[in-house]
Each structure stands twice: as C-alpha cells, then as structure tokens.
Amino acid sequence: MPRKGLPLKQMSSAQQRLALALLNTGLSQRGYAKALTIMSLEPVLGDIEQNRGQFTRDPDLYYFTIFGTPGGTETWGWRVEGHHVSMNFVVHGGEVLADSPAFLGANPAQIKAGPRKGLRVLGEEEDLGRQFVIVVDP
C-alpha cells in the first residue's frame, strides 16, 4: 500500500533538517537517535537482499504528514512513517495529547558483517522482551 505524506527524498536539505527536527520534538534524545539509526539500516537491508527485494530500501523514503494547522488553539497532528518507524502525534494548545500509535523495529536486528558489524539498535529492548516471556521452571 502506498504511504501518505511527503518523503524525505522529495524535500530540500533545509526541509529535511526541519522534518527531522520535528521528529526530534516528539521523542527523547535516545528515542530520536534510535529512530535515525533504524532509518539508516535501509541500505544494509538492501545489501542483504542484494537489492532484489520487493521494496526499495532507501533511508529517504520516510514520509511526513501534517494534519490540521500547527500552532494556535486548534488540535493538529503529525506522522512520520516508513519501514520500521511509525510515529503519530496529536497536539492541542502546545501540548502533546497523544503519541500513539507508535512503532520502532529493526531489520536487520543485528548487523552480521561490515563496518557496523554487531550493531543491535533495539538490542536492549529485544533482550528485555525475551526476559519478560521466559518462563522459569522452579
């Protein structure tokens, strides 16, 4: 299904900086770093798939959408969406009312070769999730 919004790929450098600055306002410093790192995995996945996969792997194919008119007293929102990053925000009166649904994923979960070998962007979260579901037999 085609994504909605304006992709980074179609933005000028100045627009890209502003779009990423908007994303930064909705996330913690750590969350923002993780989102950018996840986005940067697209070429790695493309290499793994030998660019023969069903989808184009491009870190600039993350789409930004604004709903309503930012600022003022009216409710408005924005979304960032792409492969393994989907963040949605609703703002009213300068305050974020909702920051969901939200999704961060990583593919590959761990880089097996190359200059970023061993990188696990969501390694801590993955490890905690596994610990959560492990049933210990007394």
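Since the structure is predicted, the reported quantities are computational estimates derived from the model, not experimental observations.

## Side note on the overall build of the protein chain
Alright, step 1. Check the secondary structure of the protein chain and you find 4 helices and 6 strands.
Alright, step 2. Secondary structure of the protein chain in N-to-C order comes out as β-α-α-α-β-β-β-β-β-α.
Alright, step 3. For the protein chain, the computed accessible surface area is about 9100 Å², with 56% contributed by carbon and sulfur atoms.
Alright, step 4. Averaging the locations of the 14 positively and 14 negatively charged side chains of the protein chain gives two centres separated by 7 Å.

## Structural notes on the nonpolar core
Alright, step 1. One finds Leu-8, Leu-23, Leu-27, Phe-64, Trp-78, Val-85 and Met-87 to be the most contacted residues of the largest nonpolar core, which totals 23 residues.
Alright, step 2. Put simply, the parts of the chain that give this core at least two residues each are helix 1 (13–26), helix 2 (29–39), strand 3 (76–82) and strand 4 (85–92).
Alright, step 3. Not counting residues within four places of it along the chain, the set of residues in contact with Leu-27 comprises Tyr-32, Ala-35, Met-87 and Phe-89.

## Side note on unusual backbone geometry
Alright, step 1. For the bond from Ser-100 to Pro-101, the omega torsion is 0 degrees, close enough to zero to count as cis.
Alright, step 2. Summarising the element assignment, Pro-101 is placed in the loop between strand 5 (95–98) and strand 6 (102–104).
Alright, step 3. Cis rather than trans, the peptide bond between Asn-107 and Pro-108 has omega equal to 5 degrees.
Alright, step 4. Positionally, Pro-108 belongs in the loop between strand 6 and helix 4 (123–133).
Alright, step 5. Although it is not a glycine, His-84 adopts a positive phi angle of roughly 75 degrees.
Alright, step 6. Turning to its location among the elements, His-84 is positioned in the loop between strand 3 and strand 4.

## What to know about the pairing of strand 4
Alright, step 1. For strand 4, a buried count of 6 out of 8 residues is recorded, marking the element as mostly surrounded by other parts of the structure.
Alright, step 2. Pairing of strand 3 with strand 4, which is carried by 7 bridges, proceeds in the antiparallel orientation. Bridge assignment links Arg-79 to a residue of strand 4, and that residue is Asn-88.
Alright, step 3. Joining the antiparallel neighbours strand 3 and strand 4 is a turn of 2 residues, in which His-84 adopts a positive phi near 75 degrees.
Alright, step 4. Bridging between strand 4 and strand 6 involves 3 bridges; their strand directions are antiparallel.

## Let's talk about the pattern of salt bridges
Alright, step 1. Throughout the structure, instances matching the rule amount to 8 salt bridges.
Alright, step 2. Among the ionic pairs, Lys-9 bridges to Asp-58, the shortest N-O distance being 2.3 Å. Of this pair, Lys-9 sits in the loop between strand 1 (6–7) and helix 1 while Asp-58 sits in the loop between helix 3 (42–48) and strand 2 (63–67), and the two are 49 residues apart along the sequence.
Alright, step 3. Since its relative accessible area comes to 48%, Lys-9 is described here as partly exposed.
Alright, step 4. Residue classification places Asp-58 among the buried residues on the basis of a relative accessible area of 12%.
Alright, step 5. Between Glu-124 and Arg-30 there is a salt bridge; the shortest N-O distance is 2.6 Å. Of this pair, Glu-124 sits in helix 4 while Arg-30 sits in helix 2; the two residues are 94 residues apart in sequence, bridging distant segments of the chain.
Alright, step 6. You can call Glu-124 partly exposed: its relative accessible area is 48%.

## Focus: the confidence of the model for the protein chain
Alright, step 1. On average, the protein chain scores 92 in pLDDT, and the residues at 70 or more come to 97%.
Alright, step 2. Within the protein chain, no element has a lower average pLDDT than helix 3, which sits at 90, and none a higher one than strand 1, at 98.

Calculation criteria
Residues numbered from 1 in each chain as written. Predicted model: local features only at pLDDT ≥ 70, side-chain atom pairs only at ≥ 80, totals over all residues. Heavy atoms only, no water. Helix = DSSP H or I, 4+ residues; strand = E, 2+ residues; numbered from the N terminus. Areas by Shrake-Rupley, 256 points an atom, 1.4 Å probe, with all protein chains shown as cover. Lys, Arg positive; Asp, Glu negative; His and termini not counted. Charge placed at Lys NZ, Arg CZ, Asp CG, Glu CD. Core = buried A, V, L, I, M, F, W, Y, C linked by side-chain atoms within 4.5 Å. Buried < 20%, exposed > 50% of the residue type's maximum accessible area, 1.4 Å probe, protein only. Contact = heavy atoms within 4.5 Å. Pairing = 2+ DSSP bridges. Salt bridge = Lys/Arg side-chain N within 4 Å of Asp/Glu carboxyl O. pLDDT = per-residue confidence, 0-100.

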